[in-house]
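Summary of the model geometry
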Amino acid sequence: MSDQRTARFRVEGMDCAACGAKVEAAVRRIEGVLDVSISVTTGAMSIGHQPQTDLVAVADAVNRLGYKAKPQRAGGEEPHAHIEHGSGPWWKSKRALLTGACGLALIAAYGVGKVFPAIENTAFLGALGIGLVPIARRAFNAARIGMPFSIEGLMTIAAVGAVVIGATEEAAMVVFLFLVGEMLEGVATSRARASIQGLSDLIPKTALLIENGQTKEVPASELKVGAKLLVRPGDRIPADGVIAEGESEVNEAPVTGESVPKRK
């Protein structure tokens, strides 16, 4: 459509393909959204939408799933890859704090059960609630967008079923282990993103474009196929291409890992 526009968001908290699928399903339900493209690895989302689409509603739909959407610059140009590292150490994240709180509550429930056996079940119910309530909330929001059998939904059903049959202690332990698994998944994804960002930082943000015999510096993101560039001695090459003139030693280490420059 000629009036289609593009909006980009940075989405925090996506750690797997299932996370991306939930976010995509929620966003596609927003009126006026025509296309959704999500990269779990970089934590980026791009949507094609009609001019009247409410982008605030798009962010709210993502936030209700337990993620955090932040709008990026508008327009149709392709930006450099942006990797979301998070706002601090992993052990300060909401996911880590929730896991820690659930674990401490579980330990406390075991202690209470030894000293006051009569309220042991209540103590484990409390520990279970700390971990299960956020999971159940995400499960409910996923069900609202047509995904009732998400991992959060299945975990909620399993935990409630365990409580019904009197296995409250086991239910609390399983929920805690589920939170530990989610936390470790988040840590692994964050480290992978940091590695990708390290490679992305090696790409020059600007290029020397040759047009009509003149050289000017332009953002590398604005380069088009067929553009002619000047690469000075010591410069990093800002885009894929072929050498039209000249020769030099090129450092290919960011691509091949080989530290010895290659003659080009």
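1. What about the overall build of the chain?
Helix and strand content of the chain: 7 helices and 9 strands. What you see for the chain is a C-alpha radius of gyration of 25 Å, clearly larger than the 18 Å of a compact globule of 264 residues, by over 25%. Over its C-alpha atoms, taken along the principal directions, the chain stretches across nearly 85 × 50 × 25 Å. Here the chain has roughly 15,800 Å² of accessible surface; of this, 59% comes from carbon and sulfur atoms. Counting 28 positive and 28 negative side-chain charges, the chain places the centres of these two groups 4 Å from one another.

2. Looking at the packing of helix H3 (residues 94-115) against helix H6 (residues 168-200)
The contact between H3 and H6 brings their axes to 9 Å, and the two run at 155 degrees. By the criterion of interaxial angle, the relationship of H3 to H6 is roughly antiparallel. Every pair of crossing elements has a handedness; the one defined by H3 and H6 is left-handed. Taken together, the residues of H6 that come into contact with H3 (itself represented by Arg95, Ala96, Leu98, Thr99, Cys102, Gly103, Leu106 and Tyr110) are Glu169, Ala172, Met173, Phe176, Leu179, Val180, Glu182, Met183 and Gly186. Residue composition of the contact of H3 with H6, grouped by class: 11 nonpolar, 3 polar and 3 charged.

What counts, and at which threshold
- Residues numbered from 1 in each chain as written.
- Predicted model: local features only at pLDDT ≥ 70, side-chain atom pairs only at ≥ 80, totals over all residues.
- Heavy atoms only, no water.
- Helix = DSSP H or I, 4+ residues; strand = E, 2+ residues; numbered from the N terminus.
- Rg over C-alpha atoms; globule rule 2.2 N^0.38 Å.
- Areas by Shrake-Rupley, 256 points an atom, 1.4 Å probe, with all protein chains shown as cover.
- Lys, Arg positive; Asp, Glu negative; His and termini not counted.
- Charge placed at Lys NZ, Arg CZ, Asp CG, Glu CD.
- Axes fitted to C-alpha atoms, helices over the stretch in contact; angles between N-to-C directions.
- Parallel < 35°, antiparallel > 145°, perpendicular 65-115°, else oblique.
- Left-handed = near helix turned anticlockwise from the far one by under 90°.
- Contact = heavy atoms within 4.5 Å.
- Nonpolar A, V, L, I, M, F, W, Y, C, P; charged D, E, K, R; others polar.

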